[in-house]
Amino acid sequence: MARIAMLLDDMFEDSEFRVPYDRLRAAGHEVVVVGLEAGKQVAGKRGNERVTTEVAAADASPGEFDAVVIPGGYSPDHLRTDVKMVGLTRDAFLRGKPLAAVCHGPWMLVEADVADGRTLTSWPSIKTDLINAGARWVDREVVEDGNLITSRKPDDLAAFSDAILRQLEGRVPGRASPRAPEGTAEQPPATH
């Protein structure tokens, strides 16, 4: 079974941690909570979850994980300032491993410089950040663009978790359509 890094810090969205964590473990996978330091207790922003990080990003070897999952909330904003956490994210992408981010999690994709030219979704408030990083933003429950998996919000967690499990089975889709109709960084054609 797979070994999955779940990147987490304080103020994560509780359900965006719990639902994929439970689904992945129920499928027999090992989920390792990676934080800025090992042994730190982090709390969900809704107060429903308290989790102790198991491994510090500085001590994590990118090759030891088969996938990376990034829950949303305010956690990704804390994590994206850490060069080791960003490196872990980028390495997963470059190795073609499933890299899944929900809600505000795609901020890490921007910081890791892997959003350019990709079709992604997110919580609407970071749409402009993704477009400015060169991504094509779409408003969909789940988007798979190669090994990148993104979703918008807690309501999308079933589809998000299904996509991660599918990719862990080796069913990685090709690149998403280069012309996603919902939102792009492109300007409409000029009229004369």
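Each remark here, short or long, concerns the structure printed above.
Read on for a plain summary of the structure. (Residues numbered from 1 in each chain as written. Predicted model: local features only at pLDDT ≥ 70, side-chain atom pairs only at ≥ 80, totals over all residues. Heavy atoms only, no water.)

Attention shifts here to the packing of aromatic side chains. Following the criterion strictly, the structure yields two aromatic pairs and no others. Here the aromatic cluster, defined as three or more aromatic residues joined through ring pairs, consists of Phe12, Phe17 and Tyr21. Against the face of Tyr74 rests Lys45, its NZ or CZ located 4.9 Å from the ring centre. It is Arg80 that lies over the ring of Trp107; its NZ or CZ is 4.4 Å from the centre. (Phe/Tyr/Trp six-rings, centres within 6.5 Å; stacked < 30°, edge-to-face > 60°. Lys NZ or Arg CZ within 6 Å of the ring centre and 35° of its normal.)

One way to put it is that helix 1 (residues 14-26) packs onto helix 6 (residues 157-168) with a least axis distance of 10 Å and a crossing angle of 40°. The angle between the axes of helix 1 and helix 6 places the two elements in the oblique class. As for the relative orientation of helix 1 and helix 6, their crossing is right-handed in sense. On the side of helix 1, the interface is formed by Ser15, Glu16, Val19, Pro20, Arg23 and Leu24, while helix 6 contributes Leu157, Ala158, Phe160, Ser161, Asp162, Ile164, Leu165 and Leu168. Its residues assigned to classes, the contact of helix 1 with helix 6 comprises nine nonpolar, two polar and three charged. (Axes fitted to C-alpha atoms, helices over the stretch in contact; angles between N-to-C directions. Helix = DSSP H or I, 4+ residues; strand = E, 2+ residues; numbered from the N terminus. Parallel < 35°, antiparallel > 145°, perpendicular 65-115°, else oblique. Left-handed = near helix turned anticlockwise from the far one by under 90°. Contact = heavy atoms within 4.5 Å. Nonpolar A, V, L, I, M, F, W, Y, C, P; charged D, E, K, R; others polar.)

A few words now on helix 6. An α-helical turn contains 3.6 residues, so any two residues separated by three or four positions project in the same direction. Here helix 6 contains twelve residues, and its C-alpha end-to-end distance of 16 Å stays within 8% of the 16 Å for a straight helix at 1.5 Å per residue. Burial in helix 6 covers these residues: Leu157, Ala159, Phe160, Ser161, Ala163, Ile164, Leu165 and Gln167. Gly170 occupies a position one or two residues after helix 6 and carries a positive phi of about 95°. (Expected span 1.5 Å × (residues − 1). Buried < 20%, exposed > 50% of the residue type's maximum accessible area, 1.4 Å probe, protein only.)

Purely geometric stuff here, so don't read any function into it on its own.
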